Amino acid sequence: MKQVDAYADAYNREITDKSVAGLKASSSKLMKREDIKRRIAELQKETSDAHGITVDSIIEDLKEAQKLAKEEGQVAAMVNAIKEKARMAGVQPAEKHDININGGLAFTINPVTNKK
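Residues numbered from 1 in each chain as written. Predicted model: local features only at pLDDT ≥ 70, side-chain atom pairs only at ≥ 80, totals over all residues. Heavy atoms only, no water.

The next subject is the layout of surface pockets. In this approach the atoms are scanned with a rolling probe the size of a water molecule, which exposes any empty space left behind. A volume near 310 Å³ is recorded for the largest pocket. In terms of lining residues, the largest pocket is bounded by 13 residues, among which Ala6, Tyr7, Met31, Ile36 and Ile40 are the most central. Elements with a minimum of two residues in the lining of the largest pocket: helix H1 (3–10), helix H2 (20–31) and helix H3 (34–51). The biggest single contributor to the lining of the largest pocket is H3, with five residues. Broken down by class, the residue content of the lining of the largest pocket amounts to nine nonpolar, three polar and one charged. (1 Å grid on protein atoms, 1.4 Å probe; cavity = no way out; pocket = protein on both sides within 12 Å on 5 of 7 lines; lining within 4 Å. Points joined across faces, edges and corners; volume = space filled by probe spheres on them. Helix = DSSP H or I, 4+ residues; strand = E, 2+ residues; numbered from the N terminus. Nonpolar A, V, L, I, M, F, W, Y, C, P; charged D, E, K, R; others polar.)

The interhelical angle for the contact between helix H4 (residues 55–71) and helix H5 (residues 75–89), taken along N-to-C directions, is 165°, at an axis separation of 8 Å. Taken as axis vectors, H4 and H5 run roughly antiparallel relative to one another. Where H4 crosses over H5, the two elements pack in a sense that is left-handed. Here Val55, Ile58, Ile59, Leu62, Lys63, Gln66, Ala69 and Lys70 of H4 lie close against H5, whose contacting residues are Ala77, Met78, Ala81, Ile82, Glu84, Lys85, Met88 and Ala89. For the contact of H4 with H5, the class distribution of residues is 11 nonpolar, one polar and four charged. (Axes fitted to C-alpha atoms, helices over the stretch in contact; angles between N-to-C directions. Parallel < 35°, antiparallel > 145°, perpendicular 65-115°, else oblique. Left-handed = near helix turned anticlockwise from the far one by under 90°. Contact = heavy atoms within 4.5 Å.)

For the rest of this paragraph, the subject is the environment of serine 28. Its location among the elements puts serine 28 in helix H2. For serine 28 and glutamine 3, which are 25 residues apart along the polypeptide, the C-alpha to C-alpha distance reads 7.6 Å.

Another point: the confidence of the model for the protein. Across the protein, pLDDT averages 81, with 78% of residues at or above 70. For the protein, strand E1 (residues 97–101) is the element with the lowest average pLDDT, namely 58, and H2 is the one with the highest, namely 92. (pLDDT = per-residue confidence, 0-100.)

What follows deals with unusual backbone geometry. Phi is positive for asparagine 12, which is not a glycine, with a value near 50°. Within the fold, asparagine 12 resides in the loop between H1 and H2.

See the structure below:
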């Protein structure tokens, strides 16, 4: 759910072409509050704990997806799994890389800072 949708639901507001800018501004303002950030983190932790979801478990699932994609010759799916594993682990290349495989599949890996 997008934050503007959550705001509209919480405050019983209708999202229209006219109201969307104001709702976005109000929801953005709320998202900057520390108490709101804390509560969202608590709810996310409760959900992940209830379902046994951890970064490690997600990375393991992505490893399996990568293996299956490789076995099936699905290069794009394999690359996406690799990129997502890197994002989840908080590591990606420090510089942008443009990669072309067999003259057909092309993709870009953009830099992000290491979140560790």
